[in-house]
Amino acid sequence: MLSSFTECKECLEDRQLAVLPTETVYGLAANGIERYAVEKIFKTKGRPAGNPLILHIFDITEAEKLAEVNDMARLLARRFWPGPLTIILPKKKIVPSEVSASLNTVGLRSPSNYLFRKMLDELGFPLAAPSANPTNRTSPTTALQVMKMFGQKCPPVLDGGQTSLGIESTVLDLTTANPTILRPGHISLQEIENCLSCKIELRKNFADLTDFPHKSPGNSPRHYAPKTLTRLHASIEKCIKCDLVEPDDLVLVASKKEADFFKDADCTAWYLSQTGNPSEVAHALFRKLHEADEQAFSKIHLCLLTQKDDLALAINDRITRACGQLHKQ
Ligand code: TXA
Ligand code: MG
């Protein structure tokens with residue numbers, strides 16, 4: 001149900017859930033230092049207790065109360081907060097073990113969305129907030145998608161329109177020998193290296209395309225997945241040449257030019273951006289996957305982007321997971 005700012009605020013103060021917009025995707029929020037409130041997030045999402053939550057905070061001053069903040073974290077916060085960067089740090093006792101899934105670390109992020117910030121400011125406590133989708137479904141970029149996915153069970157939703165970035169934050173672990181990107185996103189490896197002047201690692205199983213197709217998908221392969229069956233293609237060329245695209249199928253490609261390749265085919269072809277620009281592709285990807293799920297397509301075909309920049313890497317990570325090809329997380 002769509003609710004006002006005040007109604008959502010009252011729910012959060014009352015240790016209940018509320019769905020709030022961020023600049024990346026909508027978040028299913030609860031008081032992040034109240035065990036009882038955090039448990040509701042896991043229950044509503046159907047999230048395994050072993051998957052930790054991010055705490056959303058107003059600024060770096062808040063971070064000091066929750067985690068052992070170091071100089072790297074301060075530099076990153078100054079450069080990228082508020083914004084789509086989550087930093088993993090050693091946690092302090094005040095963070096409930098439910099949030100950190102019993103790890104001794106916690107993920108912190110200061111979102112830039114105006115409504116989310118206003119909420120943090122007025123509440124005065126951190127908000128735990130995973131993406132507001134049932135576990136293993138596509139992350140939501142509009143309020144309507146959230147309400148459709150949760151149905152009767154849906155907590156109050158604050159509508160902030162379509163999210164501006166469209167894919168989740170970069171997750172950077174500062175507790176490893178070299179800082180390590182656990183999940184690629186809009187803030188790139190290069191930008192982080194420039195900020196910290198040190199080498200940044202990328203966790204291997206994130207969109208490691210050299211080992212495509214992945215032989216051994218792990219525990220939770222279908223992450224970000226639509227309900228419709230999805231099929232992954234290593235490139236648009238391979239998709240065109242394969243004989244797996246059938247008349248009731250949707251081919252979801254990056255640019256109009258790529259969609260035009262399917263003009264004479266029986267299938268439906270949608271594109272994510274007129275020119276294939278990665279920011280536009282990221283912005284539209286989850287929305288189009290949700291839209292596709294509303295239609296009766298037999299299959300959705302997705303093709304990896306061929307660009308080599310970090311945002312393309314992040315998009316390929318989400319596309320690969322939507323097709324159930326990657327493990328972990
Ligand atoms: O953009 C975003 O990050 C969105 C918005 C709502 O802020 N949130 C989001 O949360 O994507 P979630 O829970 O869907 O994804 C957080 C990811 C998970 O893969 C989780 O395993 C990882 O971050 N994570 C959280 N805390 C961690 C920790 N202490 N150590 C390692 N990974 C962690
Ligand atoms: Mg998520």
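Structure shown above.
In short, a report on the structure. (Residues numbered from 1 in each chain as written. Chains lettered and ligands numbered in written order. Predicted model: local features only at pLDDT ≥ 70, side-chain atom pairs only at ≥ 80, totals over all residues. Heavy atoms only, no water.)

### So, the side chain of T86
Inference 1: Looking at where T86 falls in the secondary structure, it is placed in strand β4 (residues 85-90).
Inference 2: Since its relative accessible area comes to 1%, T86 is described here as buried.
Inference 3: Sequence-distant contacts of T86, defined by excluding residues within four places in its chain, comprise I54, G107, L108, R109, S169, T170, V171 and L172. (Helix = DSSP H or I, 4+ residues; strand = E, 2+ residues; numbered from the N terminus. Buried < 20%, exposed > 50% of the residue type's maximum accessible area, 1.4 Å probe, protein only. Contact = heavy atoms within 4.5 Å.)

### What about the packing of helix α4 (residues 71-80) against helix α8 (residues 189-196)?
Inference 1: Direction vectors running N to C along α4 and α8 enclose 120°, while the axes themselves pass 10 Å from each other. It follows from the interaxial angle that α4 and α8 lie oblique. The interaxial crossing formed by α4 with α8 has right-handed handedness. Within the contact between the two elements, α4 uses M72, L75, L76, R79 and F80 and α8 uses E191, I192, C195 and L196.
Inference 2: Here the contact of α4 with α8 is built from residues that sort into seven nonpolar, no polar and two charged. (Axes fitted to C-alpha atoms, helices over the stretch in contact; angles between N-to-C directions. Parallel < 35°, antiparallel > 145°, perpendicular 65-115°, else oblique. Left-handed = near helix turned anticlockwise from the far one by under 90°. Nonpolar A, V, L, I, M, F, W, Y, C, P; charged D, E, K, R; others polar.)

### Focus: the sheet that holds strand β2 (residues 27-31)
Inference 1: Pairing is mixed in the open sheet, where nine strands are placed in the order β1-β2-β6-β3-β5-β4-β7-β8-β9. Strands at the two margins of the open sheet, each flanked by one partner only, are β1 (18-20) and β9 (201-202).
Inference 2: Here β4 pairs with strand β7 (residues 170-173) via four bridges, running parallel. Its bridge partner lying in β7, L85 is registered against T170.
Inference 3: Running over the sheet, helix α1 (residues 5-13) touches β1, β2 and β6 (127-128) and is turned about 125° from β1. (Pairing = 2+ DSSP bridges.)

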